[in-house]
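# Overview (structure and organization)
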Amino acid sequence: MGRLRVGPLFSGWRWLYGSLLVLAPLALILVWNSVAPALIVPALGSQGRPTFAAGEFHSLAIRADGSLWAWGDNESGQLGDGTTTDRPLPTRIGGDTNWAVVTAGAKHSVGLKSDGSLWAWGDNSQGQVGDGTTLRHGTPVRIGADKDWVALSAGEWHCMALKSDGSLWTWGWNFRGLLGDGTGVNRYVPTRVGADTGWVAVAAGNHHSLALKADGSLWACGWNEHGQLGDGTSTDRFAPTRVGAERSWVAIGAGDSHSLAVSSDGSLWAWGANARGQVGNGTTAYPHVPTRIGTDTDWVAVAGSKYDSVALKADGSLWAWGENENGQVGDGTTTDRLVPTRIGARTDWIAGTTGSPSRHGLAMRSDGSLWAWGSNAQGQLGDGAANDRLIPIQVLAGVKYPGTTATTTTSWSTTTSSQTTTSSQTTTTTSTTTTTLPGSPSFPDVSASHSYYAAITDLASRGIIGGYADGKFGPADPVTRQQFAKMIVLTGVNVGAYTVSESDVCPFKDVQVGGYADPFFPDNYIAVCAAKGITKGKDATHFDPSGKITRYQVISMVVRTADDLKPGLLTPPPAAFTPTGVWAADSTHGANAVRAEYNGLLAGFDLVSLSPYGNMSRGEVAQVLHNLLDKLADG
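In short, a report on the structure. Values in this document were obtained by computation on a predicted structure and should not be read as measured data. (Residues numbered from 1 in each chain as written. Predicted model: local features only at pLDDT ≥ 70, side-chain atom pairs only at ≥ 80, totals over all residues. Heavy atoms only, no water.)

### Quick look at helix α4 (residues 551-565)
Compared with an ideal rise of 1.5 Å per residue, which puts 15 residues at 21 Å, α4 spans 21 Å between its outermost C-alpha atoms and is within 8% of the ideal. Counting buried positions along α4 yields 12 of 15 residues, so the element is predominantly enclosed. Those residues of α4 that fall on the buried side of the exposure criterion are Arg 551, Tyr 552, Gln 553, Val 554, Ile 555, Ser 556, Met 557, Val 558, Val 559, Thr 561, Ala 562 and Leu 565. (Helix = DSSP H or I, 4+ residues; strand = E, 2+ residues; numbered from the N terminus. Expected span 1.5 Å × (residues − 1). Buried < 20%, exposed > 50% of the residue type's maximum accessible area, 1.4 Å probe, protein only.)

Given below as structure tokens:
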């Protein structure tokens, strides 16, 4: 999806991919100068360029180094790893490092490489892969020879795409005309829709399709029983049909049988099926024309799923509404929401998508971390478990920024092509620009694609952790008990809850008093831990300060810290919650591990492979403390 930059009305960069139907890539995409002077439109070639996607029961992401990762259901080979084995954790797909765009359908996946070539894989029963066959493909296959593809959106069993000349192409299932070519015949290769070259955004729903033109007009085709085409009727349309007379639309999203859009004034509109409140107007009635949702004028992005919707505001806040049976609204409950409901309190969300007809969502923060929530029956959240998540949990770090092309493994530097567009004509000027994105790595041994990159850079910026004298961090190095005592206390200091001074007396006889550059290390930090009930030591008089600290021990100390900093912050796991692996087994630490997992404190960890009794590494410590800080911020 393209980048949406805002001037006086909106600040910063925000993206959201249309989850359309089953998923989606673009959803919202752009704003044209002629439509909204305050909104600056990105280059056409950078629109519809999502770097992560939610399918029916699988998920995809591109990391900063251009590598492709996938997880979840793999029944039809939709993960692309050459097998049909489900993957509950992010798994690298092939060795290529030039992936630029990715989107997902029900059981198929589609991507673009940085050279503009088109690739697809997975289920092909309706021709949705686009290679001219109905054969299933377990690895990415090249679709045609063209290298001018710039934007993608995948529906349940069909795809939509744009080329650099603004032409619109579709292929796959043609139920009730959703491909827009005037027929109901399936297309097994990309097929051009009409002769127009003014298309700038697409959103593929489950049974219908939406597209925007450069003049701000909105067009729809396909099934219309529930009014999802927005033309005031329930008549199916086999070719793109104009939705009203407005020319002010700047962002679109399509769900199973409902549609969403943002106008140039920042207002939010929706229409179509509304049985679970996915339209967001406070009712379950089915509007057949665009209907305004609330009175806010700071919406910048929207995406639709089967029975729910997700949106971003200009301040970086994330919102959702509709069905919530599996926690897909992300508000910590399973109660359906009939109006937009905020997800947490953070304001650093920059992109999001939902998966339809499934019930999970993905969203990216400005630090490059990817978060997931909702249904997890087939591992589509990527946390190694099968429990639904009612709030976002981190599953990946170092994800490629949306709308960018090539990146390296050591920086966020990106090369892009610029393009100037007006409502009447498109003038392309190719140039190379380098943009430094936020969150550059602070340590040479922690690249932007490192699993704990976001956590390490976050904690380093807060002064909670630091590197060695040679500038490296050593993310795989073990942590001693006294080192972790300092880190956990500094976490409390960072949120304004703890203080440490030389007057804090350590009760353990085996702890050295002073002697380090930090006058409070190690005794005063350990003293605070003991006073706050964070540690009990080996016994009443011994702490074993130089001993390596285990994952179980760290988790218990983090849980106790959370209880001390904000009582009630950690929600008790319900009886139906199933802990991952063996983490609940230990009589001393098991209960704390279960609480930590349920509340997202172990997000980003491979709980299947890691031993709870093993020594926790510096990178892992950064991740769990990063999760604690996120929980405190959201709680």
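### Let's talk about the environment of Ala 239
Summarising the element assignment, Ala 239 is placed in strand β19 (residues 237-242). With sequence-adjacent residues up to four places away left out, Ala 239 is seen in contact with Gly 180, Ala 220 and Cys 221. (Contact = heavy atoms within 4.5 Å.)

### A look at the packing of α4 against helix α5 (residues 590-598)
One way to put it is that α4 packs onto α5 with a least axis distance of 9 Å and a crossing angle of 65°. What the angle tells us is that α4 and α5 run roughly perpendicular. By crossing handedness, the relation of α4 to α5 is classed as left-handed. Between α4 and α5, the contacting residues are Tyr 552, Ile 555, Ser 556, Val 559 and Asp 563 on the first element and Gly 590, Asn 592, Ala 593, Arg 595 and Ala 596 on the second. Among the residues forming the contact of α4 with α5, the class breakdown is 5 nonpolar, 3 polar and 2 charged. (Axes fitted to C-alpha atoms, helices over the stretch in contact; angles between N-to-C directions. Parallel < 35°, antiparallel > 145°, perpendicular 65-115°, else oblique. Left-handed = near helix turned anticlockwise from the far one by under 90°. Nonpolar A, V, L, I, M, F, W, Y, C, P; charged D, E, K, R; others polar.)

### Points about the sheet that holds strand β24 (residues 299-304)
Taking strand neighbours across the sheet as the criterion, the 4 strands line up as β24-β25-β26-β27 in an open arrangement whose pairing is antiparallel. Each edge of the sheet is formed by a strand with only one pairing partner; in this case those strands are β24 and β27 (337-342). Within the sheet, the average angular offset between the axes of one strand and its neighbour, ignoring direction, is 20°. As judged from the 5 bridges shared by strand β25 (residues 308-313) and strand β26 (residues 318-322), these two strands associate in the antiparallel manner. Residue pairing in the sheet places Leu 312 in a bridge with Leu 318 of β26. (Pairing = 2+ DSSP bridges.)

### Structural notes on the nonpolar core
Membership of the largest hydrophobic core comes to 59 residues, with the highest contact counts inside it found for Phe 484, Ile 488, Val 558 and Leu 625. For this core, the secondary-structure elements that each account for two or more residues are α1 (453-461), α2 (481-494), α3 (523-531), α4, α5 and α6 (618-634). Among the elements that make up this core, the one with the highest residue count is α4 (8 residues). Ignoring anything within four residues of it in the chain, the contact list for Leu 625 reads Leu 459, Ile 464, Phe 484, Met 487, Ile 488, Thr 491 and Val 558. Listed in part, the 18 residues of the second largest apolar core include Trp 69, Trp 71, Leu 370 and Tyr 401. (Core = buried A, V, L, I, M, F, W, Y, C linked by side-chain atoms within 4.5 Å.)

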